[in-house]
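Understanding the architecture of this molecule
Residue-level listing of the chains:
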Amino acid sequence: MPRPRILVVDDSSTVRIRLSRVLTKAGYEVLLAASGSEGLRQARQQVPQLIILDIQMPDLDGYAVCDELKQMGSGWDKLPILFLTSLESHALALLGSQMGAYLQKPVRPDALL
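Notes on the structure in this doc start here. (Residues numbered from 1 in each chain as written. Predicted model: local features only at pLDDT ≥ 70, side-chain atom pairs only at ≥ 80, totals over all residues. Heavy atoms only, no water.)

1. Some remarks on the sheet that holds strand β1 (residues 5-9)
With parallel pairing, 5 strands are arranged side by side in an open sheet as β2-β1-β3-β4-β5. Looking along the sheet, the strands with just one partner apiece sit at the ends: β2 (29-33) and β5 (102-104). Adjacent strand axes in the sheet meet at a mean angle of 20°, parallel and antiparallel pairs treated alike. In this fold helix α1 (residues 13-25) packs onto β1, β2, β3 (50-54) and β4 (81-85), with an angle of close to 170° to the strand it touches most, β2. (Pairing = 2+ DSSP bridges. Helix = DSSP H or I, 4+ residues; strand = E, 2+ residues; numbered from the N terminus. Axes fitted to C-alpha atoms, helices over the stretch in contact; angles between N-to-C directions. Contact = heavy atoms within 4.5 Å.)

What follows is the structure, given as structure tokens:
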């Protein structure tokens, strides 16, 4: 049986490596992308079951990537996305507490899993 596939999109190599180690050890197949545009290419080529997506990235930010994915049609609009950010704001905290769609960096392995 194939392992669930998770795509991690973050411009920080430190974050990508750390999340990859945690997720791989937990039994997931992990795909890595260093930019929003690379993340979109990876998602199209090897459809993941979840995307962990940094909000602040230099080429396409996480919101733009999410919008692009949702516009790709059937199935893509239901793909779960977990946003990561180092930003602190009440609105982001509220989003995370209500929807489970947001984690603050640095991410604790137990919170991620």
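There's plenty left to go through after this.
2. A word on the packing of aromatic side chains
How two aromatic rings sit relative to each other is given by the distance of their centres and the angle of their planes. By the definition in use, this model includes 1 aromatic pair. The interplanar angle of 50° and the centroid separation of 5.5 Å between the aromatic rings of Tyr-63 and Phe-83 together place this pair among those described as tilted. Of this pair, Tyr-63 sits in helix α3 (residues 62-70) while Phe-83 is found in strand β4, placing the two residues 20 residues apart along the sequence. With a relative accessible area of 10%, Phe-83 lands in the buried category. (Phe/Tyr/Trp six-rings, centres within 6.5 Å; stacked < 30°, edge-to-face > 60°. Buried < 20%, exposed > 50% of the residue type's maximum accessible area, 1.4 Å probe, protein only.)

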